[in-house]
Amino acid sequence: MAEKKTTTKKAAAPKAAEKKATVKKAAAPKAALVVNSENAGFKAGDVYQALAAAEKALTVKEIAKAAKISEEETLLGLGWLFKEGKLATADEKITLA
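First, a word on what this report is: a plain description of the structure on this page. The structure displayed is predicted, hence computed values, not measured ones.

Quick word on the nonpolar core
Then, in step 1: Ala44, Val47, Ala50, Leu51, Leu58, Ile63, Ala67, Ile69, Leu78, Leu81, Leu87 and Ile94 together form the largest nonpolar core, which totals 12 residues.
Then, in step 2: At the level of secondary structure, the elements contributing two or more residues to this core comprise helix H2 (37–54), helix H3 (60–67) and helix H4 (71–83).
Then, in step 3: Setting aside chain neighbours within four positions, we find leucine 78 in contact with Val47, Val60, Ile63, Leu87 and Ile94.

Overview of the environment of glutamate 71
Then, in step 1: Here glutamate 71 shows up in helix H4.
Then, in step 2: On a C-alpha basis, the gap between glutamate 71 and lysine 61 in space is 6.5 Å, while along the polypeptide they are 10 residues apart.
Then, in step 3: Among all residues touching glutamate 71, those that are not within four sequence positions of it are Val60, Lys61 and Ala64.

Section: the pairing of strand E2 (residues 93–96)
Then, in step 1: Bridge count between strand E1 (residues 87–90) and E2: four bridges; the pairing is antiparallel. By the bridge assignment, alanine 90 is partnered in E2 with lysine 93.
Then, in step 2: Following E1, the chain reverses through two residues before pairing antiparallel with E2; aspartate 91 in that reversal takes a positive phi of roughly 55°.

Description of the environment of valine 34
Then, in step 1: Summarising the element assignment, valine 34 is placed in the loop between helix H1 (14–18) and H2.
Then, in step 2: Residues contacting valine 34, with those up to four places away along its chain left out, are Asn39 and Leu76.

Some points on the packing of H2 against H3
Then, in step 1: Across the interface, H2 lies against H3 with an axial gap of 9 Å and an inter-helix angle of 100°. Relative to H3, H2 is oriented roughly perpendicular. Residue-level inspection shows Asp46, Val47, Ala50 and Leu51 of H2 in contact with H3, the latter providing Ile63, Ala66 and Ala67.
Then, in step 2: The class makeup of the residues in the contact of H2 with H3 is six nonpolar, no polar and one charged.

Regarding the side chain of glutamate 73
Then, in step 1: Position of glutamate 73 among the secondary structure elements: in helix H4.
Then, in step 2: According to the relative accessible area criterion, glutamate 73 is buried, its value standing at 18%.
Then, in step 3: Residues in contact with glutamate 73, not counting those within four places in the same chain, are Leu33 and Lys43.

Notes on the packing of H2 against H4
Then, in step 1: The interhelical angle for the contact between H2 and H4, taken along N-to-C directions, is 90°, at an axis separation of 7 Å. With respect to each other, H2 and H4 are oriented roughly perpendicular. Taking contact as the criterion, the partners of Ser37, Asn39, Ala40, Gly41, Lys43, Ala44, Val47 and Tyr48 in H2 are, on H4, Glu73, Thr74, Leu76, Gly77, Leu78, Trp80 and Leu81.

Here we look at H2
Then, in step 1: Taking 1.5 Å of rise per residue, 18 residues should cover 26 Å, and H2 covers 26 Å from first to last C-alpha, within 8% of that figure.
Then, in step 2: Among the residues making up H2, those that are buried are Asn39, Ala40, Lys43, Ala44, Val47, Ala50 and Leu51. In an axial view of H2, the angular spread of the buried residues amounts to 135°, which keeps them on one side of the axis. The exposed residues of H2 that point more than 90 degrees off its buried face are Ser37, Glu38, Phe42, Gln49 and Ala53.
Then, in step 3: Summarising the contacts, the buried residues of H2 are in contact with H3, H4, E1 and E2.
Then, in step 4: Looking one or two places after H2, you find glutamate 55, whose phi comes out positive at around 55°.

Calculation criteria
Residues numbered from 1 in each chain as written. Predicted model: local features only at pLDDT ≥ 70, side-chain atom pairs only at ≥ 80, totals over all residues. Heavy atoms only, no water. Core = buried A, V, L, I, M, F, W, Y, C linked by side-chain atoms within 4.5 Å. Buried < 20%, exposed > 50% of the residue type's maximum accessible area, 1.4 Å probe, protein only. Helix = DSSP H or I, 4+ residues; strand = E, 2+ residues; numbered from the N terminus. Contact = heavy atoms within 4.5 Å. Pairing = 2+ DSSP bridges. Axes fitted to C-alpha atoms, helices over the stretch in contact; angles between N-to-C directions. Parallel < 35°, antiparallel > 145°, perpendicular 65-115°, else oblique. Nonpolar A, V, L, I, M, F, W, Y, C, P; charged D, E, K, R; others polar. Expected span 1.5 Å × (residues − 1). Arc of directions from axis to C-beta.

Dropping the structure here:
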C-alpha cells in the first residue's frame, strides 16, 4: 500500500480569529388566536369602532390597521358583525350597514 503524505496546516490567519460569530435569532412564536364567544365579541367591537371612525368603506387590511389587531382577528370580528347584519360590502370593501 502506498503511504499517505501528511500535511500540517498553518495557524489560522488573524482575520479569521477576529470574526464574530453570528447568532441566529429565533422567530418569536406567534400568539395563538383564541376563538371563543367573548374574544369574538371584543374583536367585533374593535372592527365596528374602526369602521365607525373611518366613516367609509375599508378593506380587511385597512380595518386591521385602524383597529390595531391582526387580520385573523379582524376576520373573526367581521364574521360576528356580518351574522348580525351590521355590515355591507361593495367592491371588496366593507362598511357599516
